[in-house]
Amino acid sequence: MPPIVLKTLQSLKDFVGREIATTDWFLVTQDRIRQFAEATEDRQWIHVDPERAERESPYGATIAHGFLTLSLMSYFIKHAIQIPRDVRLSVNYGLNRVRFPAPVRAGAEIRARVTLQSLKELPDGIEAVFRVSMEGKAAAKPCCVAEWIVRYYS
């Protein structure tokens, strides 16, 4: 699905309280999981040892780190909303209530549903709170649900 193209930052107001996008599917590969493990020094076997995970894991396969799944929010938001060029800076201001209800197995495809929960005016920009729910194909529960606060400065 193509991103929503905002003409102005103020036009975000039209989307408060609405789901604004469902992104395309994104493949989470074992190689990506391995690279994340290297970058974060989190090499727990459930992430990086496919043979052991197949034998001993309750999931029957390696799974993505929760923080890897969470970090993909920035990828998904870029595919949900195209911010106007006059925005000079976007800042990840933080997160509220993050949960990982279901695992993401290596080789799974995930996507995000993005809802704009609220907007707050700032002296030189806007603070947006997005509810991002990431889901796997054919999964009963989402793999990550979070409220993400982004500040846009013009």
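This report concerns the structure included in the present document. (Residues numbered from 1 in each chain as written. Predicted model: local features only at pLDDT ≥ 70, side-chain atom pairs only at ≥ 80, totals over all residues. Heavy atoms only, no water.)

**Quick notes on the environment of Asp49**
Move 1: Looking at the secondary structure, you find Asp49 in the loop between helix H2 (45-48) and helix H3 (50-56).
Move 2: The exposure class assigned to Asp49 is partly exposed, which follows from its relative accessible area of 26%.
Move 3: When the C-alpha atoms of Asp49 and Gln30 are compared, they prove to be 9.6 Å apart, with 19 residues separating the residues in sequence.
Move 4: Side-chain polar atoms of Asp49 contact the backbone nitrogen of Arg52, separated by 3.1 Å. (Helix = DSSP H or I, 4+ residues; strand = E, 2+ residues; numbered from the N terminus. Buried < 20%, exposed > 50% of the residue type's maximum accessible area, 1.4 Å probe, protein only. Polar contact = N/O pair within 3.5 Å; in protein donor to acceptor, adjacent residues only side chain to side chain.)

**Considering the packing of aromatic side chains**
Move 1: Per the counting criterion, the structure on display carries three aromatic pairs.
Move 2: With a centroid separation of 4.8 Å and an interplanar angle of 55 degrees, the aromatic rings of Phe26 and Tyr75 are classed as tilted. Highlighted residues: Phe26 in strand E3 (residues 26-28) and Tyr75 in helix H5 (residues 73-80), separated in sequence by 49 residues.
Move 3: Following the ring pairs from residue to residue traces out a cluster consisting of Phe26, Tyr75 and Phe76.
Move 4: Just above the ring of Tyr93 sits the side chain of Arg151; from NZ or CZ to the centre is 3.7 Å. (Phe/Tyr/Trp six-rings, centres within 6.5 Å; stacked < 30°, edge-to-face > 60°. Lys NZ or Arg CZ within 6 Å of the ring centre and 35° of its normal.)

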